[in-house]
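Descriptive analysis of the structure
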Amino acid sequence: MSQRPPDKFAISNFEWLDPFEPHRWCRGGWLQTLSIKSLRPDLDVDRYEGCVAFDVPGDQTPPDVLSGFYLPVARETKKPTVIVFHGMGGHAQSGYMRSMAERLLAAGYPVVLWNNRGAGSSARNCIRFHHPGYTDDISLLVNYLHEQRTAWTRNGLAAVAFSLGANVLLRYLAETEGNCTFRAAAVVSAPLDMETTSINLQSGLNRIFDRYLLKKQRDELLRESAELTDDERNAIQNASSVWELDDRFTAKHLGYDGAKEFYRENSAIYVLDKIKTPTLLFHAADDPVVDETVFTDRDWSTEGPLYPALAVSGGHTGFLDRQGKRWHERATTRFFDAMLD
């Protein structure tokens, strides 16, 4: 484990970004990670006034149809609409997604909650699969919003992404470079190097989380609408770890020799230098999924555009603070306010 202080970089560079202090009853990476299970946001997408459920058809034959929700703010605003992307096993209405949406809406940011291909309400109309390097669906969504929902994009767009969804967003930011449509972005607990992350999941107590993620991924892949051969279904059902699933199914399905090649070609860590969009990256030293050396061993520029917010605690997408609030949510709105003022 790196000995470099994990609470440096963005935390010390921005006056408004206060250091994370964990809740007294929620100390340590595992408890912080598990705290997201206790999230009970008041936001009810189905009852939110002005909410618009929308579908975005792909260009395949037959087309997959992806879905999302647009949530307007109650007052006039000049702030951009923020698209929120979930992680593995999540969906648009996951507790951590709605919790982030609540914070953004209260700060005056309209929100799009998005279902990745095959997740949430997208699952029923998608035979193909999402994966952590697949940026085409972000492009599909962005183009749809600009062309079909111009009122939603009149003040521009920003983005927030969690866990594996953060890897996809970072790769999209790198691919679009100076032409990126997002004015600012924030990523929470991004597995920048998926090979390192997958290996980390196989050690010690992390194996518990590996089995949890494996079940989530297996459930999504084996959905009724999925297009799979019998051999692929067997590979998914018999995988004993995330690495084995990616090695025996994901990589082969996408045309790679195995997990190592798949991870190397799709991990965001190799393309971070191409990103031009102001981006805040949250990571906790006690994250049981993502090893801290992926963040601490990199030389970050204090001038951005990448601003790592590295905390001594917070787990994986947890960050439950002393007041029982989510530190990353508060910091994200403050970062957007600072970057987009």
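Check the entry above for the structure.
The structure contained in this document is the topic of the report that follows. Note that this is a predicted model, so its numbers are computed, not measured. (Residues numbered from 1 in each chain as written. Predicted model: local features only at pLDDT ≥ 70, side-chain atom pairs only at ≥ 80, totals over all residues. Heavy atoms only, no water.)

**Re the overall build of the protein**
This is how the line gets drawn: Every helix listed is a DSSP run of H or I at least four residues long, and every strand listed is a run of E at least two residues long, numbered separately from the N terminus. We take the radius of gyration over the C-alpha atoms and set the globule estimate at 2.2 Å times the residue count to the 0.38 power. Any two residues whose heavy atoms approach within 4.5 Å are treated as being in contact. To measure how exposed things are, a 1.4 Å probe is used in the Shrake-Rupley method; for residues, cover is taken only from the protein chains shown. Under this rule, positive means Lys or Arg and negative means Asp or Glu; His and the chain ends count for nothing. Each charge is placed at NZ for Lys, CZ for Arg, CG for Asp and CD for Glu.
What the protein contains, in helices and strands, is twelve helices and eight strands. Rg of the C-alpha trace for the protein: 19 Å, near the compact-globule value of 20 Å for 341 residues, within the 12% margin. Overall, the C-alpha framework of the protein stretches about 55 × 50 × 40 Å when taken along its three principal axes. Taking the intrachain contacts of the protein between residues at least 6 apart in sequence as the baseline, contacts between residues at least 24 apart amount to 76%. Within the structure as shown, the protein displays about 14,900 Å² of accessible surface, and the carbon and sulfur contribution to it stands at 46%. A distance of 5 Å separates the average location of the 38 positive side-chain charges in the protein from that of its 46 negative side-chain charges.

**Considerations on the environment of Gly324**
As a reminder of what qualifies: For every residue, the accessible area (1.4 Å probe, protein chains only) is compared with the maximum for its type, and the residue is labelled buried under 20%, exposed over 50%, or partly exposed between those bounds.
Inspection of the secondary structure assignment puts Gly324 in the loop between strand S8 (306-311) and helix H12 (327-340). On the basis of relative accessible area, Gly324 is assigned to the partly exposed category, the value being 39%. Here the alpha-carbon distance between Gly324 and His23, two residues 301 residues apart in the chain, equals 6.4 Å.

**Topic: the side chain of Glu244**
Mapping Glu244 onto the fold places it in helix H9 (residues 242-253). Overall, Glu244 belongs to the buried group, its relative accessible area being 17%. Once residues within four sequence positions are removed from consideration, Glu244 is found in contact with Asn238, Ala239 and Phe249.

**A short note on helix H10 (residues 259-266)**
Counted only if it meets this: The arc in question is the one traced by the directions running from the helix axis out to the C-beta atoms.
Here H10 has its buried residues at Ala259, Phe262, Tyr263 and Asn266. One side of H10 holds all its buried residues, which, seen down the axis, span an arc of 95°. The elements touched by buried residues of H10 are helix H5 (163-176), helix H6 (194-200) and H9.

**Thoughts on unusual backbone geometry**
Backbone geometry places Ser163, a non-glycine residue, at a positive phi of 50°. Position of Ser163 relative to the elements: it lies in helix H5. Judged by relative accessible area, Ser163 falls into the buried class, the value being 15%. With a phi close to 60°, Ser189 is a non-glycine residue in the positive phi region. Note on placement: Ser189 falls in the loop between strand S6 (182-188) and H6.

**Some remarks on the nonpolar core**
Keep this limit in mind: Buried Ala, Val, Leu, Ile, Met, Phe, Trp, Tyr and Cys residues that are joined via side-chain atoms within 4.5 Å together make up what is termed a nonpolar core.
Core analysis: the largest hydrophobic core is formed by 65 residues, its most contacted members being Phe54, Ile83, Phe85, Leu169, Leu170, Leu173 and Phe182. Looking at which element gives the most residues to this core, the answer is H5, with eight residues. With near-sequence residues (within four places) excluded, Ile83 lies in contact with Val112, Trp114, Leu141, Leu145, Leu157, Ala158, Ala159, Val160 and Phe182. Residues Val73, Leu105, Leu280 and Phe282 belong to the second largest nonpolar core, which totals 40 residues.

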